[in-house]
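# Architecture and fold: a report
Spelled out from the first residue to the last, the chains are:
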Amino acid sequence: MRRWRSRGGLLALALGVSFLFAVLGTSVSGWPTGVAVLLIGPVLAGVWSSARRTAVVAGWTLLLATGTGVLRRLVGTPGFCLEFVVLLAGGVLAVHNAARHAEREAALARVTEVACASQSALLQPLTVEVGGIEVCTRHHSPVREASVCGDLYDVVHTPYGPRLFVGDVRGHGLEALRTTAAAMRAFRDLAYLTPGLAELATALDARLAADLGPEDFVTAVLAEFAPGEVRLVNCGHPPPLRVGKQVRLLEPPQPALPLGMRTTPLPHRVYLQPGERLLFYTDGLSEARDGDGVDFPLLPRVAEALAEPSNSDALDALYAMVIEHTGRPLTDDVVLVLCRATGVTEAPLTACPREGVSPEAGP
């Protein structure tokens, strides 16, 4: 469709259709004598072209109708005059509709631009140290047609230690952006006040459920860093990766529903040895496929990319590998968050409760 628009193909199509019906009306025996059928040209132009081009097609059809009437000696007859008025009125309406359509497209483009700017402001790339944890983030939204998506991340330094929130809102568009902002706001409100990580997830679930539709939800993983370990709560989100001597998926002890669906997640501990890093991501990475539908080889590519000593370079290398694998821009947003202990992580005020917690041994 874009190629037709760029080459004026739609204008030529509308003009050609009108000319075809005019020729048939003057040369084919038995063809209806009416000229109102020429209105098909302005209608086509009004749907696909600008108001100016639609006006050109409407004027062209009036000329063709006049020529047809002259050749068939219909000018001045009541039937011809009535159909000519119908053709004129239809052309004016087609131009008006084309102008309205252009105004709506321009308004939508402005709103989308504002929404994309808002999303970029919410998800600015970070390279910060929070409580002895270096956090480096990336957010890639390569396809403009994808507009606003629902990937999100945030990190805060709380009395209970550094806490990280990575999530993915179902859907796209302005509603997804609204939910993204609400989720990040709720996390910042509750992360400082809620001692347990599972309780934090439950509180987020209750806060978001009031604003979500019946089919809406937010997949999320919450992390809390402590000396020598990280505590995780996973609510239907792709599991993070621990990268050291080996690359290991940190699966939750049992599946849990996403936020907004009355989730009851089970927290678990994971040892974090010196030099190890944790990669959090959204499904735009794990579900990236090439032209043959082959999934991105997550574990080996992550191990290769994270051979880079710099967190920033490692994330850039990983995204380049994804694009190389797919051979085209991704159709979904990708959030990447890489964490590494830079020193002694500050001890939190309270430890993660042992009830319902499954400690995981180191590698």
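As a starting point, this report considers the structure included with it.

Rules behind the numbers
- Residue positions within a chain follow its written sequence, with the count starting from 1.
- A pLDDT threshold of at least 70 governs which residues receive local features in this predicted model, and a stricter bar of 80 or more applies before side-chain atom pairs are shown or counted, although totals over entire chains, interfaces and linings include all residues.
- Calculation of side-chain values draws on the structure's entire complement of heavy atoms; hydrogens and water are dropped beforehand.
- Each helix is a run of H or I in the DSSP string that is no shorter than four residues. Each strand is a run of E no shorter than two, and both are numbered from the N terminus.
- Only protein chains enter the accessibility calculation, which uses a 1.4 Å probe; a residue is then buried when its area is under 20% of its type maximum, exposed when over 50%, and partly exposed in between.
- Counting rule applied: Lys, Arg positive; Asp, Glu negative; His and chain ends not counted.
- Put simply, a salt bridge is a Lys or Arg side-chain nitrogen that is within 4 Å of an Asp or Glu carboxyl oxygen.
- By the criterion applied in these results, polar contacts are pairs of N or O atoms within 3.5 Å in which, for protein atoms, one can donate a hydrogen and the other can accept it, and in which residues neighboring in sequence qualify only through two side-chain atoms.
- Between 30 and 60 degrees the pair is tilted, below 30 it is stacked and above 60 it is edge-to-face, where a pair is any two Phe, Tyr or Trp rings, Trp via its six-membered ring, whose centres lie within 6.5 Å.
- By definition, two strands form a pair when at least two bridges between them are found by DSSP.
- Axis angles are defined between N-to-C directions and span 0 to 180 degrees, where every axis is a line fitted to C-alpha atoms and, for a helix, only to the segment in contact.
- The rule for a disulfide is simple: a pair of cysteine sulfur atoms within 2.5 Å.

### A word on unusual backbone geometry
Although it is not a glycine, Arg262 sits at a positive phi angle of roughly 60 degrees. Within the element layout of this structure, Arg262 appears in the loop between strand E8 (247–249) and strand E9 (268–271). A relative accessible area of 76% means that Arg262 is categorised as exposed.

### A short note on the side chain of Glu276
Within the fold, Glu276 resides in the loop between E9 and strand E10 (277–281). In this structure Glu276 is buried but unpaired, with Arg242 as the nearest side chain of opposite charge at 4.3 Å. A polar contact of 2.7 Å, which involves the side chain of Glu276, links it to the backbone nitrogen of Gln273.

### Quick notes on the packing of aromatic side chains
Scanning the model with the defined rule gives one aromatic pair in all. Between Phe165 and Phe187, the ring centres sit 5.1 Å apart and the planes meet at 40 degrees, which makes this aromatic pair tilted. With a gap of 22 residues between them, Phe165 in strand E4 (residues 161–172) and Phe187 in helix H6 (residues 174–190) connect regions that are remote in the sequence. In this structure, Phe165 and Phe187 share a single accessibility class: buried.

### Digging into the sheet that holds E10
Strand order across the open sheet formed by six strands is E1-E2-E11-E10-E7-E8, with antiparallel pairing between neighbours. Pairing within the sheet leaves two strands with one partner each, and these edge strands are strand E1 (127–130) and E8. Taken over all neighbouring pairs, the strand axes of this sheet differ in orientation by 20 degrees on average, direction set aside. Of the pairings in the sheet, the one linking strand E7 (residues 241–243) to E10 comprises three bridges and is antiparallel in character. Each residue of the ladder has a partner; that of Leu241, found in E10, is Leu279.

### Section: the state of the cysteines
Applying the stated criterion to the full structure yields zero disulfides. No disulfide involves Cys136; its sulfur sits 9.4 Å from the nearest other cysteine sulfur, which is in Cys339.

### Topic: the pattern of salt bridges
Applying the stated criterion across every chain yields a total of twelve salt bridges. Arg340 is paired through a salt bridge with Glu134; the nearest N and O atoms lie 3.5 Å apart. Residue Arg340 is located in strand E11 (residues 334–341), and its partner Glu134 is located in strand E2 (residues 133–140); the two are separated by 206 residues in the primary sequence. For Arg163, the salt bridge identified is with Glu224, shortest N-O distance 2.6 Å. Pair noted here: Arg163 is in strand E4 and Glu224 is in strand E5 (residues 218–226), with a separation of 61 residues, a long-range link. The exposure class of Glu224 is buried, given its relative accessible area of 2%.

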